[in-house]
Amino acid sequence: MIFFTAASKHLGVRRFASRAVDGFTGAVGNTPLINLTSLSRKTGCNILAKAEFMNPGGSVKDRAALGVITDAEQRGSLKPGGIVVEGTAGNTGIGLAHVCRSRGYKCVIYMPNTQSQEKIDLLRMLGADVRPVPAVAYDNPLNYNHQARDYAKGLENAVWTNQFDNTANAKVHYDTTGPEIWEQTQGTVDVFTCATGTGGTLAGVAKFLREKSNGRVQSWLADPPGSVLHSYISSGGQLKERSGSSITEGIGQGRITDNLATEIAHVHGSLNIPDEKSIAMVYDLLDAEGIYVGASSALNVVAAVELAERFGPGKTIVTLLCDGAYRYQSRLFSKSWLEKKGLLSAIPEHLIKYAVL
Ligand code: PMP
């Protein structure tokens, strides 16, 4: 195996950039690319994963939050003291709340009232004005996204950041995540895969790698049950009704967002990953690598392994570890919750010891 020099021989710690960075936003991005050694050994490929859980707000969405706010500033729609409004139930809200605090904006978050108290508390601790609203479908005007849009419309110096259809989201991955992957693999990346919520990560990284490699790098979608994108890609562009559900929070999609729209035609293929495989990989990564990540990260790694098997030994497959398991541990590490979801039996017997809650 090649080129992994990230750990200092002296201290056993990651070598950081040699200079200080400015504030919270200066610490976003430039995450390590981790060789998942047990899986690389098993597959004969380089299975590499960007440690997005090491962003300062704890997830890949710190990049998007910084991207959409910077874009609004540059376009002049957000001025000092302004208000950022978003409809989000998770990591984007946390990223936005951090960036808003660090840049002096007010942050208003609309979310479905089905969300956990922990999420609401965290956003409020980060200074956000959290507005739980009825959990209704996207085509209902009371949906949290529409309420966020309508609220921002009536205010001075306010933006609705619109993470799904604001392409500043994909652009930040084109400008940062993609180039980081290229540099960290010294251009040897063969295949990139990740799951999609807004589609910003997949579209931005895939576009960058496609252009930079003159079409050599393949990008594959990793999709959970309940998303329409797998069948859309596999059927050559037919959009079905959404059906089914998944334990993987933050991913899965029912439509072609503007962030996905231009790049999805270039995506080479798609893998549908069942929850049984994702939850087993949450435990595997912990046991074999000491890496504690959420279910979307685990799903991404399952896809990377399946692509390693498909493409054969010697390939370099890159994916993302989107966030840590901390935000989901009361579920993912609870025997009774897993039992209720019918997933307890998906965890190999020697790993069940980790389900301590
Ligand atoms: N994983 C997690 C945990 C997320 O919160 C998200 C964003 N909702 C994603 C993956 C997907 O990222 P994107 O929105 O860029 O498609």
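In this numbering scheme, every chain counts its residues from 1 along its sequence in written order. Side-chain atom pairs in this predicted model are given and counted only at pLDDT of 80 or more, local residue features only at pLDDT of at least 70, and totals for whole chains, interfaces and linings cover all residues.

As annotated in an unreviewed UniProt entry, the protein carries the name Cysteine synthase 1 and is attributed to Sistotremastrum niveocremeum HHB9708. According to the UniProt record, the Pathway (unreviewed entry) comment for the protein reads "Amino-acid biosynthesis; L-cysteine biosynthesis; L-cysteine from L-serine: step 2/2." The UniProt entry for the protein carries this comment under Sequence similarities (unreviewed entry): "Belongs to the cysteine synthase/cystathionine beta-synthase family." UniProt positions are given in the numbering used here, feature names are shortened, and annotations may be inferred rather than shown by experiment.

Caption draft 1: Quick look at the site of the ligand. As a matter of local geometry, the ligand sits amid 19 residues, with Gly197, Thr198, Thr201, Gly250 and Cys322 nearest to it. Secondary structure elements are defined from DSSP: runs of H or I of at least 4 residues count as helices, runs of E of at least 2 residues count as strands, and each element is numbered from the N terminus. Per element, the largest residue contribution to the shell around the ligand is three residues, and it comes from helix H8 (residues 200-212). For this classification, Asp, Glu, Lys and Arg are treated as charged, while Ala, Val, Leu, Ile, Met, Phe, Trp, Tyr, Cys and Pro are nonpolar and the rest, including Gly, are polar. Taken together, the residues of the shell around the ligand sort by class into five nonpolar, twelve polar and two charged. Viewed by domain, the shell around the ligand spans two of them, domain 1 (25-54 + 167-354) and domain 2 (60-160), each represented by three or more residues. In this analysis, residues qualify as near a molecule or strand once their C-beta atom, positioned from backbone atoms, comes within 6 Å of it. Domain borders in the structure are assigned automatically or taken from a domain database.

Caption draft 2: Seen up close, the packing of helix H11 (residues 275-289) against helix H12 (residues 295-311). Between the N-to-C directions of two axes lies an angle of 0 to 180 degrees, each axis being a line fitted to C-alpha atoms and, for a helix, fitted only over the stretch in contact. At their nearest, the axes of H11 and H12 sit 8 Å apart, and the two run at 95 degrees to each other. Accordingly, the angle class assigned to the pair H11 and H12 is roughly perpendicular. Packed against H11, whose contacting residues are Lys277, Ser278, Ile279, Met281, Val282 and Leu285, the element H12 presents Ala295, Ala298, Leu299, Val301 and Val302 at the interface. Within the contact of H11 with H12, the residues separate by chemical class into nine nonpolar, one polar and one charged. Each angle receives one of four descriptions, namely roughly parallel if under 35 degrees, roughly antiparallel if over 145, roughly perpendicular if within 65 to 115, and oblique otherwise. Residue pairs are scored as contacts if the distance between their C-beta atoms, which are placed from the backbone, is within 7 Å.

Caption draft 3: Broad picture of the sheet that holds strand E6 (residues 158-160). Strand order in the open sheet made by the four strands is E5-E4-E3-E6, with parallel pairing throughout. Pairing within the sheet leaves two strands with one partner each, and these edge strands are strand E5 (129-133) and E6. This sheet shows a mean twist of 15 degrees between the axes of neighbouring strands, independent of strand direction. When DSSP locates at least two bridges between a pair of strands, those strands are taken to pair. The pairing of strand E4 (residues 106-112) with E5 spans five bridges and is classified as parallel. Its bridge partner lying in E5, tyrosine 110 is registered against arginine 131. Its contacts with the sheet place helix H4 (residues 91-103) against strand E3 (83-87) and E4, and it is angled at close to 170 degrees to E4.

Caption draft 4: Highlighting the UniProt feature "domain: Tryptophan synthase beta chain-like PALP" (unreviewed entry) in the protein. Here, the residues flagged by UniProt with the feature "domain: Tryptophan synthase beta chain-like PALP" (unreviewed entry) are residues 25-323. When the span residues 25-323 is considered, its composition is 43% helix and 16% strand, and the gap between its end C-alpha atoms is 17 Å.

Caption draft 5: Spotlight on the sheet that holds strand E7 (residues 191-194). Strand order in the open sheet made by the six strands is E1-E2-E10-E7-E8-E9, with mixed pairing throughout. Sheet topology places strand E1 (33-35) and strand E9 (269-272) at the edges, where each strand pairs with a single neighbour. Averaged over all pairs of adjacent strands, the angle between strand axes in this sheet comes to 25 degrees, irrespective of strand direction. Here four bridges tie strand E8 (residues 218-223) to E9, and the two strands are oriented parallel to one another. Across the sheet, residue aspartate 223 finds its bridge partner in E9, namely asparagine 272.

Caption draft 6: Quick look at the environment of tyrosine 232. Following the sequence through the fold, tyrosine 232 ends up in helix H9 (residues 229-234). Whether a residue is buried, exposed or partly exposed follows from its count of other C-beta atoms within 10 Å of its own C-beta, namely 20 or more, 12 or fewer, or something in between, respectively; the C-beta atoms are built from the backbone. Given 22 C-beta atoms within a 10 Å radius, tyrosine 232 is considered buried. Residues tyrosine 232 and serine 270, 38 residues apart in the sequence, show an inter-C-alpha distance of 9.2 Å. Excluding residues within four positions of it along the chain, tyrosine 232 makes contact with Gly237, Gln238 and Leu239.

Caption draft 7: Fine view of the domain arrangement of the protein. Taken domain by domain, the protein holds domain 1 (25-54 + 167-354) and domain 2 (60-160). Taking the mean C-alpha position of each, domain 1 and domain 2 sit 25 Å from one another. Tallying the contact residues gives 18 residues for domain 1 and twelve residues for domain 2. Counting only elements with at least two residues in the side of domain 1 that touches domain 2, the list comes to helix H7 (168-184) and H8. Element by element, the count of residues in the side of domain 1 that touches domain 2 is highest for H7, at seven residues. Residue classes in the side of domain 1 that touches domain 2 are distributed as five nonpolar, nine polar and four charged.

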